[in-house]
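Here's the letter readout for the chains.
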Amino acid sequence: MSTAEAEFRSMTHGVCELLWIKSVLKDLGIEYTKPMNRYCDDKAAIQIAQNPVQHVLTKHVEVDRHFIKEKLDQKIIQFLFVKSENQLADILTKAVSRKAFHDIIDKLGIHM
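Counting starts from 1 at the beginning of each chain's written sequence and moves along it residue by residue. Only residues with pLDDT of at least 70 are given local features in this predicted model, and only at 80 or more are side-chain atom pairs given and counted; all residues enter the totals for whole chains, interfaces and linings. The basis for every side-chain value is the complete set of heavy atoms in the structure, and neither hydrogens nor water enter the calculation.

Two rings from Phe, Tyr or Trp (for Trp, the six-membered ring) form a pair when their centres are within 6.5 Å of each other. A pair whose planes differ by under 30 degrees is stacked, one over 60 is edge-to-face, and the rest are tilted. Under the defined criterion, the tally for this structure stands at zero aromatic pairs. Here, a charge over a ring is recorded when the distance from Lys NZ or Arg CZ to the ring centre is within 6 Å and its angle to the ring normal is within 35 degrees. Note that K43 overlies the ring of F81, its terminal NZ or CZ placed 4.9 Å from the centroid.

Taken together, L108, I110 and M112 make up a surface patch of nonpolar side chains, about 340 Å² in accessible area. By the criteria applied, helices consist of DSSP H or I runs no shorter than four residues and strands consist of E runs no shorter than two, each listed in order from the N terminus. Note on placement: L108 falls in helix 5 (residues 98–108). Only residues whose relative accessible area exceeds 30% and that form no salt bridge are eligible for patches; like-charged ones are grouped when within 9 Å, while nonpolar side chains (Val, Leu, Ile, Met, Phe, Trp, Tyr) are grouped when within 5 Å. Where accessible areas are quoted, they stem from the Shrake-Rupley method and a 1.4 Å probe; at the residue level, only the protein chains shown are allowed to cover. One speaks of a salt bridge when a side-chain nitrogen belonging to Lys or Arg is within 4 Å of a carboxyl oxygen belonging to Asp or Glu.

In this text, buried Ala, Val, Leu, Ile, Met, Phe, Trp, Tyr and Cys residues form a nonpolar core when linked through side-chain atoms within 4.5 Å. Only protein chains enter the area calculation, which uses a 1.4 Å probe; residues under 20% of their type maximum are buried, those over 50% are exposed, and those in between are partly exposed. Formed by 16 residues in total, the largest nonpolar core has its most connected members in F8, M11, A49, I68, L72, I77 and F79. With five residues, the top contributor of residues to this core is helix 1 (residues 3–27). Working rule for contacts: check all heavy atoms of both residues, and any pair within 4.5 Å makes them a contact. Not counting residues up to four positions away in its chain, the partners in contact with A49 are F8, M11, I68, K69, L72 and F79.

This paragraph deals with the pattern of salt bridges. Under the defined criterion, the tally for this structure stands at three salt bridges. A salt bridge links D73 to K69; the shortest N-O distance between them is 3.0 Å. In this pair, D73 and K69 are both assigned in helix 3 (residues 62–73), four residues apart and thus about one turn of the helix distant. Judged by its relative accessible area of 52%, D73 falls in the exposed class. Taking the shortest distance from any N to any O, the salt bridge between K71 and E70 comes out at 3.2 Å. Classification of E70 by relative accessible area gives partly exposed; the value is 40%.

So far we have only geometry, and geometry alone does not tell us how the molecule works.
This is how it looks when you write it as structure tokens:
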């Protein structure tokens, strides 16, 4: 599995979680009509999501790709690129340098 393919699968799970949050908000009487933002630091994965043309990279994610494309077309979600150094989730998912760790901690408002 390529890194773009793995990132795309992760995006799919994130979209499912966003849809669940949207349904919880609806149950609470809060109607959210704007597209929900899903940030990603992998341009290839964003292109796979937005381009309906089949790519070599998408051979394992066809069902996910159609699901994501449907949500994009319905303007339920939108994917926004974020530079890796601004991706706050990296502190939870990968090894980062000491400087990056402290920069992310500061951005999160955590004081050690």
